[in-house]
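Architecture at a glance
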Amino acid sequence: MRTILILILYILISILSIPMYLVEFILQKINPMTAARLAQFIVRGAFNLVMFVSGCRKTILGLENIPHDTPVMYAANHRSFYDIILAYAVVPNQTAFISKKEIKKMPCVAQWMYFLNCLFMDRGDVKQNLNIILRAIALVKEGYSIYIAPEGTRNATDTLLEFKEGSMKIALKGNCPVVPVCFHGTEEIFENHLPWIHKGEICIEFGEPIYPDELDKDTKKHLGAYVRDKVAELYKKGR
């Protein structure tokens with residue numbers, strides 16, 4: 001029943017979004033940051049509604065750890081499609097997400113991600129991945145935070161995959177702190193019950209920010225491994 005309700009909600013949101021596309025296109029020409037803020041406000045409301053209809057009881061921990069005076073790079077574990085829904089609903093700063101290219105095929109979702117300056121990565125194309133990282137660095141310098149899942153793919157095991165060191169270039173070259181992000185229980189809403197959506201408790205936790213310039217040379221060289229350890233600590237504590 002929840003799955004059917006979510007499909008109906010998706011159709012309704014897609015229809016109601018059509019007039020807003022024109023507003024966003026116009027705003028982007030006048031003030032891109034204002035357009036992105038409006039898009040994030042709308043997406044946050046829509047995704048909170050999706051979680052409500054899905055029966056998600058969400059817990060948010062560590063919001064006080066997120067710096068508000070600078071863009072950040074969120075580095076998160078990735079367990080479910082609901083990770084993105086929950087993250088979009090709660091991140092406090094203007095954020096562009098890095099996602100897999102397949103999401104571009106989803107009507108309505110892809111369009112709103114475009115308005116949010118999100119970037120789509122082809123995991124099999126090294127050159128394209130490099131260009132995405134460079135574009136993400138540029139967005140940080142323009143004042144946008146970046147959200148990325150450095151594992152590179154969804155992982156529902158109890159051990160985090162290695163964090164790709166290339167993704168850390170965003171923080172290193174963009175000169176911004178890294179905020180570790182950990183999800184708990186999101187896979188129990190959908191992936192563990194495909195194709196049905198089940199109600200349940202989900203949690204997102206933000207760790208203390210990591211400032212690359214304050215790290216020693218060796219730790220900075222292996223920043224991905226260092227950040228992974230911090231996310232793993234949050235995951236272990238959450239379990």
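Structure report, in brief. (Residues numbered from 1 in each chain as written. Predicted model: local features only at pLDDT ≥ 70, side-chain atom pairs only at ≥ 80, totals over all residues. Heavy atoms only, no water.)

We now examine the nonpolar core. Among the nonpolar cores identified, the biggest contains 41 residues, and Tyr74, Tyr88, Phe183, Ile204 and Phe206 are the most heavily contacted of them. Of all elements in the fold, only helix 1 (2-30), helix 2 (32-54), strand 2 (73-76), helix 3 (81-90), helix 4 (109-115), strand 6 (178-184) and strand 7 (200-206) reach the threshold of two or more residues within this core. The element best represented in this core is helix 3, accounting for seven residues. Setting aside residues up to four positions removed in sequence, phenylalanine 206 forms contacts with Ile60, Leu61, Gly62, Leu63, Asn65, Ile66, Tyr74, Val90, Val91, Val179, Pro180 and Val181. In this structure, Ala96, Ile98, Ala136 and Ile170 belong to the second largest nonpolar core, which totals 32 residues. (Core = buried A, V, L, I, M, F, W, Y, C linked by side-chain atoms within 4.5 Å. Buried < 20%, exposed > 50% of the residue type's maximum accessible area, 1.4 Å probe, protein only. Helix = DSSP H or I, 4+ residues; strand = E, 2+ residues; numbered from the N terminus. Contact = heavy atoms within 4.5 Å.)

This part takes up helix 2. For helix 2, spanning 23 residues, the distance from its first C-alpha to its last is 32 Å, which sits close to the expected 33 Å at 1.5 Å a residue. Met33, Ala35, Ala36, Ala39, Gln40, Val43, Ala46, Phe47, Val50, Met51, Val53 and Ser54 are the residues of helix 2 that are buried. Trailing helix 2 by a residue or two, glycine 55 shows a phi angle of about 80°, which is positive. (Expected span 1.5 Å × (residues − 1).)

The omega angle of the peptide bond from leucine 194 to proline 195 is 0°, so this bond is cis rather than trans. Assignment of secondary structure puts proline 195 in the loop between strand 6 and strand 7. Within the chain, asparagine 117 stands out as a residue other than glycine whose phi angle is a positive 65°. The topology assignment puts asparagine 117 in the loop between helix 4 and strand 4 (119-121). For asparagine 117, a relative accessible area of 23% translates into the label partly exposed. We note that asparagine 175 has phi near 55°; this positive angle belongs to a residue other than glycine.

Another aspect to go through is the layout of surface pockets. Of the voids in this model, the largest pocket is the one considered here, and its volume is about 1,400 Å³. As for the largest pocket, its lining consists of 50 residues, of which Phe81, Ile84, Ser99, Ile103 and Met113 are closest to the centre. Here the lining of the largest pocket gets nine residues from one element, more than from any other, and that element is helix 1. Split into classes, the residues belonging to the lining of the largest pocket amount to 35 nonpolar, nine polar and six charged. (1 Å grid on protein atoms, 1.4 Å probe; cavity = no way out; pocket = protein on both sides within 12 Å on 5 of 7 lines; lining within 4 Å. Points joined across faces, edges and corners; volume = space filled by probe spheres on them. Nonpolar A, V, L, I, M, F, W, Y, C, P; charged D, E, K, R; others polar.)

With respect to burial, strand 6 is a largely interior element, seven of its seven residues being buried. In strand 6, alternate side chains face the same way, and those of Val178, Pro180, Cys182 and His184 on one face and Val179, Val181 and Phe183 on the other are all buried. Here strand 2 pairs with strand 6 via four bridges, running parallel. Bridged to tyrosine 74 within strand 6 is valine 179. Here strand 6 pairs with strand 7 via four bridges, running antiparallel. Of the residues in strand 7, the one forming a bridge with valine 181 is phenylalanine 206. (Pairing = 2+ DSSP bridges.)

Without other data, these values stay purely geometric and don't point to any function.
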